[in-house]
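Overview (structure and organization)
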Amino acid sequence: EVEELDKNWIPLAFSVSELNGAFDKVIGYAPTTEEFCYEKGDVLIYFTIDDLATPRAVTFNCTMVGNQAEIVKSIASILGAKIYDSEAGTFVAPENV
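Below: a short report on this structure.

Calculation notes
- Residues numbered from 1 in each chain as written.
- Predicted model: local features only at pLDDT ≥ 70, side-chain atom pairs only at ≥ 80, totals over all residues.
- Heavy atoms only, no water.
- Helix = DSSP H or I, 4+ residues; strand = E, 2+ residues; numbered from the N terminus.
- Expected span 1.5 Å × (residues − 1).
- Buried < 20%, exposed > 50% of the residue type's maximum accessible area, 1.4 Å probe, protein only.
- Contact = heavy atoms within 4.5 Å.
- Polar contact = N/O pair within 3.5 Å; in protein donor to acceptor, adjacent residues only side chain to side chain.
- Pairing = 2+ DSSP bridges.
- Axes fitted to C-alpha atoms, helices over the stretch in contact; angles between N-to-C directions.

**Some words on helix α2 (residues 66-79)**
In this model, α2 (14 residues) spans 20 Å end to end at C-alpha, consistent with the 20 Å of a helix rising 1.5 Å per residue. Residues Gln68, Ala69, Ile71, Val72, Lys73, Ile75, Ala76 and Leu79 constitute the buried set of α2. Packed against the buried residues of α2 are α1 (16-27), β1 (35-40), β2 (43-49), β3 (58-61) and β4 (83-85).

Dropping the structure here:
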């Protein structure tokens, strides 16, 4: 849980190839900028990657329902990452979203 993390905690970095592979597999392309919008049909997700050279976190802004939730969950699952729900203030496993 968030409260249990050390105040100086820094997430481990993903490999660039791992990050690119996850995005390519799920949305069909790898990110080329740190901030980008994915829009296809009824899906709209704003992504921010903290650093393309040494990515440690991927932030997303969307409604976690339907196809949007499936995309976010799939990327998190491939990366072996948890999803932080800022409204609830907790981490959730991708399968629990």
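**Notes on the side chain of Gln68**
Summarising the element assignment, Gln68 is placed in helix α2. Of the polar contacts made by the side chain of Gln68, one reaches the backbone oxygen of Thr63; its length is 3.2 Å. Residues within four places of Gln68 in sequence aside, it is in contact with Asp42, Val43, Leu44, Ile45, Cys62 and Thr63.

**Regarding the sheet that holds β2**
As summarised here, the arrangement of the three strands in space is β1-β2-β3, forming an open sheet in which the pairing is antiparallel. If you trace the sheet from one side to the other, it starts and ends with β1 and β3, each paired once. Recorded for the sheet is a direction-independent mean angle of 25 degrees between the axes of neighbouring strands. Where β1 meets β2, six bridges bridge the pair, whose relative direction is antiparallel. Residue pairing across strands places Glu39 opposite Leu44, the latter belonging to β2. Of the strands in this sheet, β1, β2 and β3 touch α2, which is tilted by about 30 degrees from β2.

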